[in-house]
Amino acid sequence: MQQGVDLMLYGMGTVVVFLAILVVFTTLMSRVVQRFFAEPDVQAAPVRMVESDQGRVDARLLAVIKSALDQHRAKRR
Amino acid sequence: MQQGVDLMLYGMGTVVVFLAILVVFTTLMSRVVQRFFAEPDVQAAPVRMVESDQGRVDARLLAVIKSALDQHRAKRR
Amino acid sequence: MQQGVDLMLYGMGTVVVFLAILVVFTTLMSRVVQRFFAEPDVQAAPVRMVESDQGRVDARLLAVIKSALDQHRAKRR
Amino acid sequence: MENFIRLWQDSGIYHLQSGQFIMLLVGFLLLFFAIRKGFEPLLLVPIGFGCILSNVPGAGLSFTAFESALAFGHMDVYQALAQTLGAAQDVTAAELAELYKNASTAVQVQAHRVATDYGFSDGMLYVFYKVAIASGAAPLIIFMGVGAMTDFGPLLANPKTLFLGAAAQFGIFATVLGAVGLSSMGLMDFSIADAAAIGIIGGADGPTAIYVASILAPDLLGAIAVAAYSYMALVPLIQPPIMRALTTKADRQIKMQQLREVSKREKILFPLVLLVLVALFLPSAAALLGMFCFGNLLRECGVVTRLSETAQNALINITTIFLGLAVGSKLAADKFLDPKTLGILVLGMLAFAIGTAMGVLVAKFMNLLSKNKINPLIGSAGVSAVPMAARVSNKVGLETDPHNYLLMHAMGPNVAGVIGSAVAAGVMISMVSAMG
Amino acid sequence: MENFIRLWQDSGIYHLQSGQFIMLLVGFLLLFFAIRKGFEPLLLVPIGFGCILSNVPGAGLSFTAFESALAFGHMDVYQALAQTLGAAQDVTAAELAELYKNASTAVQVQAHRVATDYGFSDGMLYVFYKVAIASGAAPLIIFMGVGAMTDFGPLLANPKTLFLGAAAQFGIFATVLGAVGLSSMGLMDFSIADAAAIGIIGGADGPTAIYVASILAPDLLGAIAVAAYSYMALVPLIQPPIMRALTTKADRQIKMQQLREVSKREKILFPLVLLVLVALFLPSAAALLGMFCFGNLLRECGVVTRLSETAQNALINITTIFLGLAVGSKLAADKFLDPKTLGILVLGMLAFAIGTAMGVLVAKFMNLLSKNKINPLIGSAGVSAVPMAARVSNKVGLETDPHNYLLMHAMGPNVAGVIGSAVAAGVMISMVSAMG
Amino acid sequence: MENFIRLWQDSGIYHLQSGQFIMLLVGFLLLFFAIRKGFEPLLLVPIGFGCILSNVPGAGLSFTAFESALAFGHMDVYQALAQTLGAAQDVTAAELAELYKNASTAVQVQAHRVATDYGFSDGMLYVFYKVAIASGAAPLIIFMGVGAMTDFGPLLANPKTLFLGAAAQFGIFATVLGAVGLSSMGLMDFSIADAAAIGIIGGADGPTAIYVASILAPDLLGAIAVAAYSYMALVPLIQPPIMRALTTKADRQIKMQQLREVSKREKILFPLVLLVLVALFLPSAAALLGMFCFGNLLRECGVVTRLSETAQNALINITTIFLGLAVGSKLAADKFLDPKTLGILVLGMLAFAIGTAMGVLVAKFMNLLSKNKINPLIGSAGVSAVPMAARVSNKVGLETDPHNYLLMHAMGPNVAGVIGSAVAAGVMISMVSAMG
Ligand code: NA
Ligand code: NA
Ligand code: NA
């Protein structure tokens, strides 16, 4: 019984403490990234956003069909 | 030699008897399903039949191309 | 030290000799194939060449889309 | 004629015992729930089928070579085994099994070889169990795949929700205490290791439960895995009443701030931060959480798409097939049809309920301290059971306010719960091993 | 200079024996048939390549560490092995091999370790063999994949065709009798286990044949697998003359009723019905048919699509690659170039022919009893060889009546034949083990 | 309180040693280069992550059960191991490790079982290492996949470029000599086996390097694999200065004849021709080149598309994941933080440089003898590092003449280099084993 109580106290304690530390470090990491390493992501973002841009779907559709064709050819080889 | 004859008689016998039992139980199962549990499948069937319906190919073609595009985007991520 | 020299001499020697033999046999094989077993490939070639022919892309596109649809249906099964 | 008798004696009906018959029914029941009711079918179809296969009378598919020798062997192999295990010549199967269990690894290997010499071999399901589960590999590989499927974005946007993932693990430890309590009252006979393995059902995470059970209580693995997956499927029935009982209408109407967008770099760094903390503070969870972080890094780093896709598809699917069948091999009648199983089922349900309640209550408590209010309905998602529990939070939320979508908010505690139960698993393995 | 001599002595030509040379040719012949003629290329390309690799002189890729020590070792390792195996110090390799074969598992393991201590290790192909075939895993996994690819619809629409699948297995048992007969006449030297493994070639099902051979006659596995896959590829040549000879034009013109549509539920329940019957009556076939039913259930149950697709693709392909190479490892010259192989090839052909004939004849016989006439051409599909034999039925049917499509009708007996030969495999493994 | 102490003693910080701390940094550095700089991420992400996991203090993920017993065991297990290994009762861990290393396989197995009896088990990464690398399987399977991805067309169109693939292997052997030289000068302590394994870094082919190192110098495997993949990623930095230094502008402007089209049949026959030559002249390379040819035949034969695709995708990806993690298990501090590692890094760089130079020089030399001029820039591609080195040739060529595309021409020596280093691997394994 004592073992069960021990397991509960120290076990639950570890879980809470560990996740608390994780909250701290995660928050810290996010702040550091947002403050000091944010730019390239901002630059990268638009490029990635374009992928969902309707305006370029035609070009992308072509690319998709081309890749499908390539794959198909590769399979027929 | 005796062993070979044994193997043939009892072996072939088992195969025939086992498959005969299987015929009986399969037939029984089919009847039970068709008689007592048939309806939901009837409802489900038309939905599935539509898949081979030429009339809806256009909608499906769109879906296929959409899924191809999605996949492609996912890969570009 | 002697072992190192041995390894270098005999090792490098083997690599060169082996690849030289491979050059000879590969060249020989290519010649034999080109001279004596060339026709079916010649016949096959145009068929394959057509694959990169722009003129037939439409037909092939249809085939690709058809196969995509088939696959899609198979998955929905 | 002799051959007919042999065929008959080889037939399943001749060997069928009532226990196996019941287990065959259990197997079909699992298949029914999985296929007809959609209960975690990816696992319960293989587990149910494995259950049936391992209870085919006379086939011994889940037996080791040694167990097969005991079950189907004659006088000669018994005598040889008796000599190996140092028993009298008129030993019974039960005595041999007992001696084997207490023998050193070296003697067990010898006994296995004797059985092999007499033509017995490991059954198919036992081979799957040995390779997939006893080695620890399958749950870890599946955990890697889960990592590769997990998006930590919602968690990173609101790290506080990690506390909800911690709170819900209280179900685990309360259940451990319950199991130990039942034993100390003489109602059950669970060791501390058994209790820990049962508690982990409350972690609501299949691979974690199987991993812990395979280390701490292999004999209970079948029942624990079945309970874990069944209750995960039953989350939409178990959780809502508890959630409604512990919250007011005002609680349930709380609208949460929209989550900020999380940058790619944060997503790449998160599994590494977690990994470092595990390395420094919790090495006993390094295998589980390490593979989880590895899978997540494969997903987020963006340069190994082919590995990430394989981890999410071919690899996890292959592993799931064998893991499921292997779990089934632990559903042999003599292991499952035991009062302990009933205890496991009851305690497992309790663990889910307590975890759910604690998640909701801690969310309410956090609202007392912070001005960024949390809708306490997302607290229940902290048990994990990804993504079912998050969907339940969303659904219960919509009942009160049809415009209050909680799904993304609930994904934070939901994935936090996966981390939480893996941490709990590490602590328990470490502490129980030391207690042993 | 010494090094040159060593390089030369290490070269393949120095070691090349006539047997290996012939086997290299056999390997290339298999590749030629597979690639150029399209003979079951999925299996025969890996098998043929494995055959070549295992006969690379001086490489010992299919040797165990012990066999490598015998083949390439010097005095020192011979003496150490002699001590382990209890032989005189001037023992020959052949004597050591014989002693090893008759030694207990424990002593064999010791001998293996001695070889390891002297720097010898298991060859690559032997490792593949041990993992894929000796464990029984690969044929079972492939059988699961086959199950996941099999549509029992045509069989369920016309369950009577199961009898055709039973009838065609007569080829198996007739061949067993033939093999035993040849031995009792002193023409060959097949044990009853060998005979059973050879007979299973007539089952026209690759994984079943490999599974049975790996249990009953591992030494003959190479020849049996090659015969099974070759004859499956030759079905379009072997069957039509027999089918034409045993049917009248009127027989071949019989039009069969269109098959009814089979509901999803029947398809889900069929593998379970089969599983129950196997569990009750035929536990010795539980591994093979269990995995087959499991694969089919994954396919039909509709809730585990990702597992079903993996079983049909990544998993079966990976397994096929290693199974093929591993079969090749049993095509070493000393095992394949034996009069027995000739016997196996002749008997295997006979098994196919008898199975075909019996399928056709029983179909005609069933027409005497029933008013729903069966076109006897579909009887030949009962040998299995899915889907080749069904296509042959269709083609021969179209010769007589260009509007009589038998393909779907022939798929019934075709898949029934898979069940039939798995049942036969189970019976034979069970009976032969008891006879042993 | 006792439990707090235990938790603290179980924590990673308590166990952290400076060596492990450095290795954790090395792991993160590898991840940084792989993810941020794109250095061979498919391998270096898993290797880097494996490095971190294997250096988690107190977790012992890369330990065998025996090593775990030494690291974490108490008096009782030490005494039991001392008895097994024949040592005094007051033996130290280091002495036990030394005794174990020199013991026979049989005694090592016994010691392993003793550790198991005391509750220790093999760490996860060690299991991956044993299954993936120690068995030899993973590098061979990856080599098969590489074969299935390789197009020999450019090589077949211009077989002379095989000589460039041979020439560039001089880097391997020069490095072997260098390593032996350093040792004979007393600066390093490399055995001849170590030297050979280090030299193979110059082969610029990951699976070949890992395969050779796993056989000849398992302790150096981690450093060798890291060096091989890092330098392969650094090819665009290492090669161009050497290429420019050794060629005149006129050399670099040479335009090569357009490559003829190669027929399907030649492509099918090439792996078979190579296989025959390996079988006859170089059986020690049969495993590596055999699997490579097998993969290429799957690709080219056109009748087993599904196997070829699986070899190029699911199978190679799965294997890569485990190979990478397993390599990481050899990056434990005590093995990697050794002066030898520095020697390996320096010598490996040298090997790349010498190989590059030799490829360029031999290309120039061939131009003296033949009238079909070769642009010497493609000589550097002979080191392999497919396809990076070929791209470098192309890029440096375009610097001088923006219309001179060398990519396809450079693919010939590029794939020739793969064959060349596999041949070198075979020779060295064979010769070093005999020298041993
Ligand atoms: Na959890
Ligand atoms: Na059959
Ligand atoms: Na190379």
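That block above? That's the structure.
Residues numbered from 1 in each chain as written. Chains lettered and ligands numbered in written order. Predicted model: local features only at pLDDT ≥ 70, side-chain atom pairs only at ≥ 80, totals over all residues. Heavy atoms only, no water.

Student: Help me out: how do you make sense of the overall build of chain D in this one?
Tutor: Check the secondary structure of chain D and you find 25 helices and zero strands. For 436 residues, the compact-globule estimate of 2.2 N^0.38 gives 22 Å, and the C-alpha radius of gyration of chain D, at 24 Å, lies within 12% of that figure. If one aligns the C-alpha atoms of chain D with their principal axes, the spans along those axes are about 80 × 45 × 40 Å. The proportion of buried residues among the 436 residues of chain D is 64%. (Helix = DSSP H or I, 4+ residues; strand = E, 2+ residues; numbered from the N terminus. Rg over C-alpha atoms; globule rule 2.2 N^0.38 Å. Buried < 20%, exposed > 50% of the residue type's maximum accessible area, 1.4 Å probe, protein only.)

Student: What is the right way to read the coordination of the sodium ion (ligand 2) from this model?
Tutor: Six octahedral donors around a metal ideally sit at 90 or 180 degrees from one another, while four tetrahedral donors ideally sit at 109.5 degrees. All names here are of chain E. In this structure, Gly203 (O), Val383 (O), Ser384 (OG), Gly417 (O) and Ser421 (OG) serve as the protein donors to the sodium ion (ligand 2), at separations of 2.3 to 2.8 Å. Mapping the donors of the sodium ion (ligand 2) onto the primary sequence gives the spacing G-x179-V-S-x32-G-x3-S. Placement of Ser384 in the loop between α23 (339–369) and α24 (388–400) and of Gly417 in helix α25 (residues 407–435) is noted, with a sequence separation of 33 residues between them. The pair Ser384 / Gly417 is uniform in exposure class, with both members buried. (Donors = N, O, S within 2.8 Å, 3.2 Å for Na, K, Ca; no water.)

Student: Just to check I follow, could you spell out empty space enclosed by the protein for this structure?
Tutor: Where empty space is left becomes clear once a probe the size of a water molecule has been rolled over the atoms. Taken as a whole and assessed by the stated rule, the structure comprises two cavities of 30 Å³ or more. Looking at the second largest cavity, its volume works out to about 30 Å³. Residue lining of the second largest cavity: E:Met124, E:Val127, E:Phe128, F:Ser135, F:Gly136, F:Ala137 and F:Leu140, and that is the complete set. Contributions of two or more residues to the lining of the second largest cavity are made by α9 (124–134) of chain E together with α10 (137–149) of chain F. Tallying contributions element by element places α9(E) first for the lining of the second largest cavity, with three residues. Classifying every residue of the lining of the second largest cavity gives five nonpolar, two polar and no charged. (1 Å grid on protein atoms, 1.4 Å probe; cavity = no way out; pocket = protein on both sides within 12 Å on 5 of 7 lines; lining within 4 Å. Points joined across faces, edges and corners; volume = space filled by probe spheres on them. Nonpolar A, V, L, I, M, F, W, Y, C, P; charged D, E, K, R; others polar.)

Student: I'm lost on the packing of aromatic side chains in this one. Help?
Tutor: Working definition: an aromatic ring pair is given by the centre-to-centre distance plus the angle between the planes. Within this structure, the stated rule accounts for 30 aromatic pairs over all chains. The interplanar angle of 65° and the centroid separation of 5.9 Å between the aromatic rings of E:Phe32 and E:Phe33 together place this pair among those described as edge-to-face. A network of ring pairs unites the aromatic residues D:Phe143, D:Phe152, D:Phe270 and D:Phe292 as a single cluster. The ring of D:Tyr129 has D:Lys330 sitting right over it, with the charged end atom 4.6 Å from the ring centre. (Phe/Tyr/Trp six-rings, centres within 6.5 Å; stacked < 30°, edge-to-face > 60°. Lys NZ or Arg CZ within 6 Å of the ring centre and 35° of its normal.)

Student: What's the story with the coordination of the sodium ion (ligand 3) in this structure? I'm lost.
Tutor: Residues and elements named next belong to chain F. Protein-derived ligands of the sodium ion (ligand 3) are Gly203 (O), Val383 (O), Ser384 (OG), Gly417 (O) and Ser421 (OG), with the metal-ligand distances lying across 2.3 to 2.8 Å. In the primary sequence, the donor residues of the sodium ion (ligand 3) line up as G-x179-V-S-x32-G-x3-S. Separated by 34 residues along the polypeptide, Val383 in the loop between α23 (339–369) and α24 (388–400) and Gly417 in helix α25 (residues 407–435) bring together distant segments of the chain. The exposure class assigned to Val383 is buried, which follows from its relative accessible area of 0%. On the basis of relative accessibility, which here comes to 0%, the residue Gly417 falls in the buried class.

Student: Whenever I open this one, the side chain of D:Thr310 confuses me. Can you help?
Tutor: Relative to the helices and strands, D:Thr310 resides in helix α20 (residues 305–312). When its relative accessible area of 6% is taken as the criterion, D:Thr310 is described as buried. Dropping the residues within four chain positions of it, D:Thr310 is found in contact with D:Leu315, D:Ile316, F:Ala314, F:Asn317 and F:Ile318. (Contact = heavy atoms within 4.5 Å.)

Student: Explain the packing of helix α10 (residues 137–149) of chain D against helix α21 (residues 314–329) of chain D to me, please; I cannot follow it from the model alone.
Tutor: A packed helix pair is summarised by two numbers, namely the angle formed by the two axes and the spacing between the axes. Residues and elements named next belong to chain D. It is at 9 Å that the axes of α10 and α21 come closest, and there the two elements cross at 140°. The handedness of the crossing between α10 and α21 is left-handed. The segment α10 lies against α21, with Ala138, Pro139, Ile141, Ile142, Met144, Gly145, Val146 and Met149 engaging Leu315, Ile316, Thr319, Thr320 and Leu323. Classifying every residue of the contact of α10 with α21 by side-chain character gives ten nonpolar, three polar and no charged. (Axes fitted to C-alpha atoms, helices over the stretch in contact; angles between N-to-C directions. Left-handed = near helix turned anticlockwise from the far one by under 90°.)

Student: For this particular structure, what's the right way to read the environment of D:Phe281?
Tutor: All names here are of chain D. Note that Phe281 resides in helix α18 (residues 264–281). Residue classification places Phe281 among the partly exposed residues on the basis of a relative accessible area of 30%. Taking the C-alpha atoms as reference points, Phe281 and Ile318, 37 residues apart in sequence, are found 33 Å from one another.

Student: Any chance you could explain a nonpolar patch on the surface here in plain terms?
Tutor: Residues and elements named next belong to chain A. On the surface, a nonpolar cluster with roughly 580 Å² of combined accessible area is contributed by Val24, Phe25, Leu28, Val32, Phe36 and Phe37. Tracing the sequence through the fold places Val24 in helix α1 (residues 2–36). Accessibility expressed as a relative area gives 47% for Val24, which makes it partly exposed. (Patch = residues over 30% accessible without salt bridge, like charges linked within 9 Å, V, L, I, M, F, W, Y side chains within 5 Å. Areas by Shrake-Rupley, 256 points an atom, 1.4 Å probe, with all protein chains shown as cover. Salt bridge = Lys/Arg side-chain N within 4 Å of Asp/Glu carboxyl O.)

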